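Listed below are the residues making up each chain.
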Amino acid sequence: MPRLIAWLQSVDAALFRLINQSLSNPFFDWLMPVLSGNKLFVPMVIVAAAALIWKHRVKGVLCVVFILLAVALGDPLIINSIKHAIARPRPFVPMPEAITLVGRTASFSLPSAHAANMAATAMVAFLFFRRSRRFMVPLAAAVAFSRVYNGVHYVSDVLLGATLGAGYAALLVWGLDRSWAWAGQKWFPLWWARVPSVLSEQRPAQNSEFGIRNSDLSTHWLRLGYIVIAILFLARLAYIAGPTIELSEDEAYQWQWSKHPALAYYSKPPGIAVAQWIGTHLWGDTAFGVRFLAPCVTA
């Protein structure tokens, strides 16, 4: 096994040198950094999303929403987690001679987030609009290639990233489509009657009975509100559990208050201290424990 791993790494390094150095040319030196990221990327995405929604209405909205979900969930939760677990250095670390065209960052290499995000986008677009593969697949492949050419990823990085991105995007669409097929009939029959599937435009039979007569639009919005609150609550818990933010000065000294119960403190009544006392007794002396009750109260 060690010999196989060493051989695969040598092949990876050889392919990297081939693309990064042997294929180097002035045109690619201009094009590849543009494909990896440029100032017009976000405006172009907004225009493309608006055009898609304007032309295809509900189907366009669903496609854009699923792309946003695939990228927003897959990048930090899957790709970034794997990156930090494997902690593979960028190619220019073991190979200082690598030609780096987009800046040498301190982040890790495997898998490529650019390749994953573009593959996820291409997969969602393909599932909604089959003809999009003619444009999206070559674009995703070009972006993945650019990451190797620019000197910031190995070939295996972009292959794994693209495989993961396409995979979890397909699972996301399929899973939510199946969930909607079940929950939509039960909880949102009026909306389900208009959109029985997130991927299909077929309408259900006119004589279908899924509580449509006994439902009303206000009930649908109320139930959707509960779902949104639950999703935001879980997202906030995930956010405060992550390493994104550290304790502020206020949180730190209010944490000290919670260790010394009193009727009042320097600048606040005892409510904050009580909240932090509950959170830290549930989850221990951690930043998550300090902040735990805030998302609960918000929800």
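Refer to the structure printed above.
The text that follows walks through the structure, step by step, so that each part is easy to find. (Residues numbered from 1 in each chain as written. Predicted model: local features only at pLDDT ≥ 70, side-chain atom pairs only at ≥ 80, totals over all residues. Heavy atoms only, no water.)

Re the overall build of the chain
Across its full length, the chain holds 13 helices and 0 strands. The linear arrangement of helices and strands in the chain, starting from the amino end, is α-α-α-α-α-α-α-α-α-α-α-α-α. Here the C-alpha radius of gyration of the chain, 25 Å, is well above what a compact globule of 299 residues would show, namely 19 Å. Overall, the C-alpha framework of the chain stretches about 70 × 65 × 45 Å when taken along its three principal axes. The 299 residues of the chain split such that 34% are buried. A sequence separation of at least 24 residues applies to 71% of the contacts in the chain between residues at least 6 apart. Accessible surface, the chain as shown: approximately 18,300 Å² in total, 69% of it carbon and sulfur. (Helix = DSSP H or I, 4+ residues; strand = E, 2+ residues; numbered from the N terminus. Rg over C-alpha atoms; globule rule 2.2 N^0.38 Å. Buried < 20%, exposed > 50% of the residue type's maximum accessible area, 1.4 Å probe, protein only. Contact = heavy atoms within 4.5 Å. Areas by Shrake-Rupley, 256 points an atom, 1.4 Å probe, with all protein chains shown as cover.)

What to know about the packing of aromatic side chains
Scanning the model with the defined rule gives 16 aromatic pairs in all. The rings of Phe 27, Phe 28, Trp 30, Phe 145 and Tyr 149 are connected pair by pair, giving a single aromatic cluster. One residue, Arg 130, lies across the ring of Phe 126, its end atom 4.7 Å from the ring centre. (Phe/Tyr/Trp six-rings, centres within 6.5 Å; stacked < 30°, edge-to-face > 60°. Lys NZ or Arg CZ within 6 Å of the ring centre and 35° of its normal.)

Let's talk about a nonpolar patch on the surface
A surface patch of nonpolar side chains, about 570 Å² in accessible area, is lined by Ile 53, Val 61, Val 65, Leu 69, Leu 73, Leu 77, Ile 78 and Leu 176. Ranked by residues supplied to the nonpolar patch, first place goes to helix H4 (residues 58-86) with 6 residues. Given a relative accessible area of 31%, Ile 78 falls into the partly exposed group. (Patch = residues over 30% accessible without salt bridge, like charges linked within 9 Å, V, L, I, M, F, W, Y side chains within 5 Å. Salt bridge = Lys/Arg side-chain N within 4 Å of Asp/Glu carboxyl O.)

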